[in-house]
Amino acid sequence: MPVTTALQTLTADEVLARLRALRTRQPVKFSAFYSSQLDGIVTDPALMVVPFDDHMVHRGHGIFDTAAIEAGKIYDLEAHLDRFVRSARNSKLKLPAREEMRDIIVRTTAASGRRDGSIRYWASAGPGSLGLTPVDNGVFIDEAGNVGESSNMNVAFVGADGMLKHPKFDHILSGCTSLRLLELAASLQTRNLITGVQVCDIPVAEARAAREMMLIGSSIKVAPVVEWDQRPIGAGKPGPVARALRELLEADMRSARERLIDVPY
Ligand SMILES: Cc1ncc(COP(=O)(O)O)c(C=O)c1O
């Protein structure tokens, strides 16, 4: 399919001009903005930006709080900071020292020149890769005790009977990779690697007793899970079905012409 829209690669000056034009079209009334990444305050709203690799931007991993500015004073900031510190703890976010945060909030308020209004402050998990913040990967279990999915991947199992089982998609993400693999997996039955494919409820006890467990998604493709909550899955090593599914997917990614888009480099 041909690319029809001309997309420019912008210079730094052009970016600045466009950010200013954007703020003309979408005016805001923000008076001052401090960024720990820039280690400074800006007052031009066009410059009040956060790098896109910040986890608050692309994963929503961040917290915020707002305090009121009344007649040139910040009202009840200590109570707000207490709550901010609690929120950070609950969200597993590291904060600078309280005195430093208070000082930045006070000085940013001063730089704004605003004597009435409010000041909002955020804490983010910070910049880095575009992946999740490196914490353990969980598996969601629904109220009925059935396996759902992992935090950013789907999950599938091979039961003791050789059945490839995937949770139903009613309340998990319809992963494109899982949906495609469920189609491709039929060929594993003819190779006697599995006895069939089922999309069904999978009680957690059954899942823990699986012969194989795997995570599935566009970035990871198919990754065998060999241990869950310190207990081995099956033989405690990558199994043949996960390997075969990964090979099927890799072959499909190279050969399924109707799914491949040419890139006009
Ligand atoms: C919650 C969740 N489940 C499953 C997936 C896998 O989806 P896909 O195979 O389309 O990458 C993702 C991908 O980001 C996800 O965020």
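Residues numbered from 1 in each chain as written. Predicted model: local features only at pLDDT ≥ 70, side-chain atom pairs only at ≥ 80, totals over all residues. Heavy atoms only, no water.

### Concerning the environment of Gly60
Examined against the element boundaries, Gly60 turns out to sit in the loop between helix H2 (55-58) and strand E3 (62-70). Gly60 sits in the exposed class, given a relative accessible area of 52%. (Helix = DSSP H or I, 4+ residues; strand = E, 2+ residues; numbered from the N terminus. Buried < 20%, exposed > 50% of the residue type's maximum accessible area, 1.4 Å probe, protein only.)

### A short note on the pairing of strand E8 (residues 154-158)
Across a regular strand the side chains alternate sides, sitting on one face of the sheet and then on the other. Burial analysis of E8 places five of its five residues in the buried class, which makes it a mostly covered element. By the alternation rule, side chains of E8 split into Asn154, Ala156 and Val158 and Val155 and Phe157, which are all buried. Of the pairings in the sheet, the one linking E8 to strand E11 (residues 212-217) comprises five bridges and is antiparallel in character. The residue bridging Val155 from the neighbouring strand is Leu215, located in E11. Direction of pairing for E8 relative to strand E9 (residues 163-166): antiparallel, over a ladder of two bridges. Note on E9: the bridge partner recorded for Phe157 is Lys165. Hairpin geometry of E8 and E9 is characterised by an intervening segment of four residues between the two adjacent antiparallel strands and by a positive phi of about 85 degrees at Gly162. (Pairing = 2+ DSSP bridges.)

### What to know about the sheet that holds strand E5 (residues 117-124)
Here three strands make up an open sheet; going across it, the order is E4-E3-E5 and the pairing antiparallel. Each edge of the open sheet carries a strand with a single partner, namely strand E4 (73-75) and E5. Direction aside, the axes of adjacent strands within the sheet are offset by 35 degrees on average. Bridge count for E3 against E4 is three bridges, and the pairing is antiparallel. Paired with Ile69 across the strands is Ile74, a residue of E4. Across the sheet, helix H3 (residues 77-90) is in contact with E3, E4 and E5; its angle to E3 comes to roughly 175 degrees. (Axes fitted to C-alpha atoms, helices over the stretch in contact; angles between N-to-C directions. Contact = heavy atoms within 4.5 Å.)

### Focus on the packing of aromatic side chains
In this description, an aromatic ring pair is defined by two values, namely the gap between the centres and the angle between the planes. All chains considered together, the criterion is met by three aromatic pairs. When the centroid spacing of 5.2 Å and the interplanar angle of 80 degrees are considered together, the rings of Phe84 and Tyr121 count as edge-to-face. In this pair, Phe84 is assigned in helix H3 and Tyr121 in strand E5, connecting sequence segments 37 residues apart. As far as the burial class goes, Phe84 and Tyr121 line up, both buried. The positively charged end of Arg208 is found above the aromatic ring belonging to Trp228, 4.4 Å away from the centroid. (Phe/Tyr/Trp six-rings, centres within 6.5 Å; stacked < 30°, edge-to-face > 60°. Lys NZ or Arg CZ within 6 Å of the ring centre and 35° of its normal.)

### Quick word on the domain arrangement of the protein chain
Interface size is commonly expressed as the accessible surface area that is lost when the partners come together. Segmenting the protein chain into domains produces domain 1 (12-124) and domain 2 (139-259). Computed from C-alpha atoms alone, the centre-to-centre distance between domain 1 and domain 2 is 42 Å. (Domains from an automatic or database assignment.)

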